[in-house]
There are 2 protein chains.
Amino acid sequence: MTKRKHADALLDKLEQLIQELPAHIEIGRSPKELYEPITYILNLGGKRIRPLLSLLAYGLYQSNPEAILKQALAIEVFHNFTLMHDDIMDDAPLRRGEATVHEKWNPNIAILSGDVMLVKAYDLLLDTDPRLLREVLELFNQTASEVCEGQQFDMNFESLGTVSEEEYLEMIRLKTAVLLGLALKMGAVLAGAGKEDAQKLYDFGVNIGVGFQLKDDLLDVFADQAKFGKQVGGDIIANKKTFLLIKALELAKSEEAESLAFWLNQKDFDKEEKVSAVKKIYNALGIKELTEKKMHAYFAAGFEQFDQIHFTDESYFLELRQITEDLIHREK
Amino acid sequence: MTKRKHADALLDKLEQLIQELPAHIEIGRSPKELYEPITYILNLGGKRIRPLLSLLAYGLYQSNPEAILKQALAIEVFHNFTLMHDDIMDDAPLRRGEATVHEKWNPNIAILSGDVMLVKAYDLLLDTDPRLLREVLELFNQTASEVCEGQQFDMNFESLGTVSEEEYLEMIRLKTAVLLGLALKMGAVLAGAGKEDAQKLYDFGVNIGVGFQLKDDLLDVFADQAKFGKQVGGDIIANKKTFLLIKALELAKSEEAESLAFWLNQKDFDKEEKVSAVKKIYNALGIKELTEKKMHAYFAAGFEQFDQIHFTDESYFLELRQITEDLIHREK
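What you are looking at is a predicted structure, and each value in this text was computed from that prediction instead of being measured.

**Q** Please explain the interface of chain B and chain A as it appears in this structure.
**A** Much of the literature gives interface size as the accessible area that the parts lose upon coming together. Every contact between the two is made by 32 residues of chain B and, on the other side, 32 residues of chain A. Within the residue set of the side of chain B that touches chain A, elements represented by two or more residues are helix H2 (32-42), helix H4 (69-89), helix H6 (107-125) and helix H7 (130-158) of chain B. Here the side of chain B that touches chain A takes 16 residues from H7 of chain B, the largest share from any one element. For the side of chain B that touches chain A, the class distribution of residues is 18 nonpolar, seven polar and seven charged.

**Q** Help me understand the nonpolar core in this model?
**A** As a rule of thumb, soluble globular proteins bury nonpolar side chains together. By size, the foremost hydrophobic cluster in this structure holds 199 residues, and its most contacted members are Ala121, Leu184 and Ala188 of chain A together with Ala121, Leu184 and Ala188 of chain B. If sequence neighbours within four positions are ignored, Ala188 of chain A has contacts with Ala57, Leu60, Tyr61, Ala193, Asp197, Ala198 and Leu201 of chain A.

**Q** Would you mind showing me how to read the relation of the copies chain B and chain A here?
**A** Between the two copies of the chain lies a rotation about an axis combined with a shift along it. With an RMSD of 0.0 Å, the fit of chain B onto chain A corresponds to turning through 180° and sliding 0.0 Å along the axis. As the rotation angle and translation indicate, the two copies are arranged about a two-fold axis. The rotation axis passes nearest to the C-alpha of Pro130 of chain B in chain B, at a distance of 3.1 Å.

**Q** Even after reading the chapter, I still don't get H4 of chain B, so can you show me in this structure?
**A** One turn of the α-helix equals 3.6 residues, which is why residues spaced by three or four share an orientation. All names here are of chain B. Its 21 residues give H4 an end-to-end C-alpha distance of 30 Å, which sits within 8% of 30 Å, the value for a rise of 1.5 Å per residue. Where burial is concerned, most of H4 is hidden: 19 out of the 21 residues are buried. Phi for Asp91, located one or two positions after H4, is positive at around 55°.

**Q** I keep staring at helix H12 (residues 254-265) of chain A and nothing clicks. Help me out?
**A** Here H12 of chain A spans 17 Å end to end across twelve residues, near enough to the 16 Å set by a 1.5 Å rise per residue. Judged by how many residues are buried, H12 of chain A sits mostly at the surface: one of twelve residues are covered.

Criteria and cut-off values
- Residues numbered from 1 in each chain as written.
- Chains lettered and ligands numbered in written order.
- Predicted model: local features only at pLDDT ≥ 70, side-chain atom pairs only at ≥ 80, totals over all residues.
- Contact = placed C-beta atoms within 7 Å.
- Helix = DSSP H or I, 4+ residues; strand = E, 2+ residues; numbered from the N terminus.
- Nonpolar A, V, L, I, M, F, W, Y, C, P; charged D, E, K, R; others polar.
- Core = buried A, V, L, I, M, F, W, Y, C linked by C-beta atoms within 7 Å.
- Buried ≥ 20, exposed ≤ 12 C-beta atoms within 10 Å, placed from the backbone.
- Least-squares fit on C-alpha atoms with pLDDT ≥ 70 in both.
- Expected span 1.5 Å × (residues − 1).

Here it is as structure tokens:
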């Protein structure tokens, strides 16, 4: 990994702001049941990739990205709000290896803390030039609605027999990719970038966002267990409709189709046996290569947009590219 | 009830906007599971008192209150978002006599529809003069956070042994009253009213809001069943910590204290017998008169603020007063 001069300095400032957050948005107030989960989930860590994209996109055009730390943090707070509520809906016990909010407290507290977190995300956006505030909020609202739509489609998919490749790609675009697009576009808009550049950065973000989710789907099956943070094969064990499973269901014929159906319908099974069996089917059908091809097409489409943008400071351009490349090649 | 010239015309326009809402804020989009609950809950009815207060407060200073229909509706959308999430938390089966969203669909859909509803409330606020947008959003955010705080205190009270009168009054101020204050103040701010008048309208709203909740507490026990929409005594049956119960627990001595404790601890009981027994204790302790006295003190404090405001159009002033009086004397 090459030097990340801007990124590391900006991330330090972002973490500092997260620690100071209670003072900024009054989350130190009573009742503690409402506010403690906010600092808890924000301090579970994470790569802070979304606010980082905002800050670096701003840096392409203006030399003081620390001027938009609050707006960048708004996107991270929004993201963590969606995690808090998604974890209730998915009945997830763990988040980054720690108890989820609805497990550590209870579901009602996770609902209400999430609600107030969304309000606090809006609070963080208000420190914006009044001439830009409406545009920023419109972008934010549009994206926030789309993220909810994506989560609803994802929940709908659980009870659907078949999901098409197209439906899946649209779901992940909404659920995860548009927020990366927003992060980049918001940074550019706040820096006064031109409309075309802001839009190209948005398209870059959405394309790499879809690519990153395909990468997640791949890693869940093919990661090196020694390097991967969680259990390899988790999606297979849970019958999760990932790009890999959707393609396998589409392509499997006769024996492989039967075997896949068998494992999807098993109630009691040995986890390792199931993972190994489904992986064997994936390998026979060339699912890994197919998914990688699709993923790289998204990355290529993203970089095609990215390489067309105008910018003032090349060092931010190079760093944005490097960080994206690092994420493309991550092993966990 | 006297003539409500402005109110009825404005409420017609508000209902029309609610019917057109899908086009305005894209809630006609897919997936339907996400958006149908929004139109469902908004069409369960209600008095629309909050948006009406905004519109009438605006009318005090400007002759075109229909100019802020969207902002007024934002408050109603926000209010219904809180109802949708509160109903999950309270495990309530019915809302205005119809199935609640988490019952008609499921809790996950009620969480996510509520989330997107909050985003749509912000969307409706954006059609605001850029010079006022930040102030309006700050007011809105402050109030939205307080409403969540109030709901959390209310949930906390359920598992607390004793709640003081002061704690209860602060809880209802946050949970229900500040939103009436916001509705009035936002109307005034959007109309360009002076800071002092806007603040007095806020204080008027908060005071009558606390008074209205005390009225609700009273009606639940002492309403005429023939006129009351739901079962009289519901709060007694559920051991709900209302102002009445809190005062009774504070004042009851020896025999009455024992009887009250007996009924609060009964698991199996005849509902009518319990209501009648607790009511008898309330009567012996003069709880009705005590609560009425407290309620009227809040109404008086509210009107004291209201009567000091400056305004341009007296007809709105008189109508705001009349509507408040009607709510004070309502029997359901």
